[in-house]
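Report on the structure
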Amino acid sequence: MTTERTFSIIKPDATRRNLTGKINAKFESNGLRIVAQKRVRLTQDMAERFYGVHKERPFFKDLVKFMISGPVVVQVLEGTDAVAANRKIMGATNPANADAGTIRKEFAESVEANSVHGSDSLENAKNEIAFFFSEVEIVG
């Protein structure tokens with residue numbers, strides 16, 4: 001078991017409904033610590049660069065439009081096997097397939113408006129963290 005850092009976004013659908021505290025309570029009660037956090041409004045350029053891996057996908061434009069529709073909370077989570085732990089806490093991308101008690105089962109409005117994003121690997125976590133945070137902003 002290794003202590004890792006992973007990246008998380010609380011998406012516009014969740015910030016609009018004031019769910020930040022409830023979502024963060026799920027992370028914390030499941031062993032993850034929030035070691036960096038800020039509320040930001042993504043620009044179109046930021047969203048396009050961040051989600052650039054999906055640029056050729058048919059949902060890319062809608063994803064960007066959604067992610068710039070309101071503020072998001074970007075954060076770094078730390079804990080034992082944090083990438084896998086975060087993905088388990090979030091639940092399946094499609095809330096209809098998410099396990100009971102997961103963030104997406106409880107709070108998601110749809111597949112797109114599914115309340116949270118989380119890194120899918122350690123390598124992506126490092127890249128996504130670096131996209132939003134400098135080392136001095138991460139207080140472990």
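Please refer to the structure placed before this passage.
A quick note: this is a predicted structure, and the numbers were derived from the prediction, not measured.

**Topic: the packing of aromatic side chains**
Enumeration over the complete set of coordinates arrives at six aromatic pairs. Relative to F50, the ring of F7 has its centre 5.7 Å away and its plane inclined at 50 degrees; by these criteria the two rings are tilted. Taken together, the positions of F7 in strand β1 (residues 3–10) and F50 in helix α3 (residues 44–50) put the pair 43 residues apart, joining distant regions of the chain. Given a relative accessible area of 12%, F50 falls into the buried group. Measuring from ring centre to ring centre gives 4.9 Å for F131 and F132, while their planes differ by 65 degrees; the resulting arrangement is edge-to-face. The exposure class assigned to F131 is partly exposed, which follows from its relative accessible area of 29%. Overall, F132 belongs to the buried group, its relative accessible area being 8%. Taken together, the aromatic side chains of F7, F50, Y51, F131 and F132 make up a single cluster linked through ring pairs.

**Here we look at unusual backbone geometry**
Positive phi values are uncommon outside glycine, yet N18 reaches one of about 60 degrees. Relative to the elements of secondary structure, N18 occurs in the loop between α1 (12–16) and α2 (20–29). Positive phi outside glycine occurs at S115, with the angle close to 75 degrees. The topology assignment puts S115 in the loop between α6 (103–107) and β4 (116–118).

**Overview of the nonpolar core**
Within the largest apolar cluster, 22 residues are counted, with the highest numbers of intra-cluster contacts made by F7, I9, M67, V74 and F133. Contributing elements (two or more residues each) for this core: β1, β2 (33–40), α3, α4 (60–67), β3 (72–80) and α7 (122–132). Counting residues per element, this core draws most heavily on α4, at five residues. Not counting residues within four places of it along the chain, the set of residues in contact with I9 comprises F50, Y51, M67, V72, V73, V74, S115, V116 and H117. In this structure, I89, I103, F107 and V116 belong to the second largest nonpolar core, which totals 15 residues.

So, how was this worked out
Residues numbered from 1 in each chain as written. Predicted model: local features only at pLDDT ≥ 70, side-chain atom pairs only at ≥ 80, totals over all residues. Heavy atoms only, no water. Phe/Tyr/Trp six-rings, centres within 6.5 Å; stacked < 30°, edge-to-face > 60°. Helix = DSSP H or I, 4+ residues; strand = E, 2+ residues; numbered from the N terminus. Buried < 20%, exposed > 50% of the residue type's maximum accessible area, 1.4 Å probe, protein only. Core = buried A, V, L, I, M, F, W, Y, C linked by side-chain atoms within 4.5 Å. Contact = heavy atoms within 4.5 Å.

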